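Structural features, examined
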Amino acid sequence: MSADQQAKKEHIRKLQREKDTVILAHYYVDGSVQEIADFVGDSYFLARKAVDIPQKNILFCGVSFMAESAKILNPDKKVIMADETADCPMAHMADAAKIREVRQKYEDAAVVCYVNSTAEIKAESDVCVTSSNAVRVVRALTNQRIFFIPDNNLGRHVAEQVPEKTFIFHDGFCHVHTDISAQDVEKAKEIHPDALVLSHPECTADVLALSDFIGSTSEIIDFTCASDQDEFIICTETGVFYELQQKNPQKKFYSAARSQICPNMKKITLDKVERALEEMAPEMVVEDELARSASRPLVRMLELAK
Ligand code: 13P
Ligand code: SF4
């Protein structure tokens, strides 16, 4: 690490202490940012952590729906972002009109909203889920009919594991994960025949069918730590390689495709973290009534997923 980078990290730590701010980061941000974060995790871990921290302020290193959820769950804390333009396209793919239409047609349907959604969409939903708790939460619901929004691949993956329920799917997707093709995975398996294939459930069904394990970012990391295998083909955003390598320095990790990079997560840099702490901005603001409506499905998720 260069002397400049070391000085920046020390400055960030000093600002953090002075400004009573915890840094939360997702596994998809750059390794240099994960290194200075107080807590790094998947979406579920970060949502739980956000309600459990003593600091007055939160600096969120991830995309905006994550900072927005942290704010909704902590209306009294100041939540700032390293880059407010870091936005997940999937968060805007569901729409309130479609939800109301489905509710009218099927009064018994539970609207299950993947947490990668805006507060407006969450506010229209019955419960939120993340990729690591979706099966648990859907099983815990008394509703027999589920409208799963917005991610089609995650919805279908959950439906396979909860065959006793009837699902209506939405057509949302993550471009980073759907860009990984079955041919990419097959080619990677030819090059690394001993490697296990580990995939995020946002990948397409044909990629999931070729996978030895399917799970959230944290679950993929935990799998590699528990496994006695040494080589893995990873079908999710390459930010996870930082933690995979930290936890398993002797093991080998390969990506399946060239395109496994989320451009929004990669907007988060150490320079922006430093500037956000200096200015305590940009701040995530969620209007009170919207925050109250959107907190209901988030809190329900935290309860049902326990
Ligand atoms: P995780 O819930 O596995 O952290 O995934 C978040 C995400 O954005 C996947 O694309
Ligand atoms: Fe959104 Fe996909 Fe990026 Fe995750 S990886 S934040 S779902 S665009």
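Residues numbered from 1 in each chain as written. Chains lettered and ligands numbered in written order. Predicted model: local features only at pLDDT ≥ 70, side-chain atom pairs only at ≥ 80, totals over all residues. Heavy atoms only, no water.

Moving on: empty space enclosed by the protein. Applying the stated rule across the entire model yields two cavities of 30 Å³ or more. For the largest cavity, the calculated volume is near 270 Å³. Taken together, 29 residues make up the lining of the largest cavity; nearest its centre are Tyr-28, Asn-116, His-177, Glu-202 and Met-265. Of all the secondary-structure elements, those providing two or more residues to the lining of the largest cavity are helix 3 (43-50), helix 4 (64-73) and helix 9 (175-178). Per-element tally for the lining of the largest cavity: the top contributor is helix 9, with three residues. A breakdown of the residues in the lining of the largest cavity according to their chemical character gives 15 nonpolar, 11 polar and three charged. A volume near 80 Å³ is recorded for the second largest cavity. Along its surface, the second largest cavity is lined by Ser-43, Leu-46, Ala-47, Ala-50, Phe-60, Phe-65, Met-66, Ser-69, Ala-70 and Val-115. Looking at the lining of the second largest cavity, the elements with two or more residues in it are helix 3 and helix 4. (1 Å grid on protein atoms, 1.4 Å probe; cavity = no way out; pocket = protein on both sides within 12 Å on 5 of 7 lines; lining within 4 Å. Points joined across faces, edges and corners; volume = space filled by probe spheres on them. Helix = DSSP H or I, 4+ residues; strand = E, 2+ residues; numbered from the N terminus. Nonpolar A, V, L, I, M, F, W, Y, C, P; charged D, E, K, R; others polar.)

As a further point, take the environment of Glu-303. Checked against the element boundaries, Glu-303 lands in helix 15 (residues 288-304). Relative accessible area serves as the criterion here: at 48%, Glu-303 is assigned to the partly exposed category. Spatially, the C-alpha atoms of Glu-303 and Lys-78 are 24 Å apart, while their sequence positions differ by 225 residues. (Buried < 20%, exposed > 50% of the residue type's maximum accessible area, 1.4 Å probe, protein only.)

Within the largest apolar cluster, 96 residues are counted, with the highest numbers of intra-cluster contacts made by Ile-23, Cys-61, Phe-148, Val-158, Ile-234 and Val-273. Once residues lying within four places of it in the same chain are set aside, the contact partners of Cys-61 are Ile-23, Leu-24, Ala-25, His-26, Val-29, Val-33, Ile-268 and Val-273. Ala-195, Leu-208, Tyr-254 and Ala-256 belong to the second-largest nonpolar core, a separate cluster that totals 13 residues. (Core = buried A, V, L, I, M, F, W, Y, C linked by side-chain atoms within 4.5 Å. Contact = heavy atoms within 4.5 Å.)

Attention now moves to the packing of helix 4 against helix 15. Their axes nearest at 9 Å, the elements helix 4 and helix 15 cross at an angle of 95°. Judged by the inter-axis angle, helix 4 sits roughly perpendicular to helix 15. Residues Ser-69, Ile-72 and Leu-73 of helix 4 form the contact with helix 15, whose own contacting residues are Ala-291, Ala-294, Ser-295, Leu-298, Val-299 and Leu-302. (Axes fitted to C-alpha atoms, helices over the stretch in contact; angles between N-to-C directions. Parallel < 35°, antiparallel > 145°, perpendicular 65-115°, else oblique.)

Here the focus is the sheet that holds strand 12 (residues 252-255). With parallel pairing, the four strands of this open sheet are ordered in space as 10-9-11-12. Every other strand in the sheet has two partners, leaving strand 10 (213-214) and strand 12 as the edge strands with one partner each. Bridging between strand 9 (residues 196-199) and strand 11 (residues 231-235) involves four bridges; their strand directions are parallel. Looking across to strand 11, one finds that Leu-196 is bridged to Phe-232. On top of the sheet, helix 12 (residues 217-226) reaches strand 9, strand 10, strand 11 and strand 12; it is set at about 155° to strand 9, its chief contact. Of the strands in this sheet, strand 11 and strand 12 are in contact with helix 13 (residues 240-247), which crosses strand 12 at around 165°. (Pairing = 2+ DSSP bridges.)

Here we come to the site of ligand 1. Surrounding ligand 1, one finds His-26, Tyr-28, Asp-42, Ser-43, Asn-116, Ser-131, His-177, His-200, Glu-202, Ser-216 and Thr-217. In this structure, Ser-131 approaches ligand 1 through a side-chain N or O atom, which is 3.1 Å from an oxygen atom. The side chain of His-200 places a nitrogen or oxygen atom 2.9 Å from an oxygen atom of ligand 1. Relative to its unbound accessible surface of 300 Å², ligand 1 loses 96% to contact with the protein. Judged by the fraction of its atoms near the pocket grid, ligand 1 is located in the largest cavity. Broken down by class, the residue content of the shell around ligand 1 amounts to one nonpolar, eight polar and two charged. (Near = heavy atom within 4 Å. Polar contact = N/O pair within 3.5 Å; in protein donor to acceptor, adjacent residues only side chain to side chain. Areas by Shrake-Rupley, 256 points an atom, 1.4 Å probe, with all protein chains shown as cover. Sits in = over half its atoms within 2 Å of the grid points.)

With the rule as written, the count across this model stands at 11 salt bridges. Two residues, Asp-126 and Arg-103, come together in a salt bridge whose shortest N-O distance is 3.1 Å. Placement of the pair is Asp-126 in the loop between helix 6 (119-123) and strand 6 (127-129) and Arg-103 in helix 5 (residues 96-105), with a sequence separation of 23 residues. The class for Arg-103 is partly exposed, based on a relative accessible area of 26%. Here Glu-237 ties to Lys-266 by a salt bridge, and the two come within 2.9 Å at their closest N and O atoms. Taken together, the residues span a long stretch of sequence, with Glu-237 in the loop between strand 11 and helix 13 and Lys-266 in the loop between strand 12 and helix 14 (270-279) at a distance of 29 residues. Using a relative accessible area of 0% as the deciding quantity, one classes Glu-237 as buried. The structure contains a network of salt bridges with shared partners spanning Lys-8, Asp-271 and Glu-274. (Salt bridge = Lys/Arg side-chain N within 4 Å of Asp/Glu carboxyl O.)

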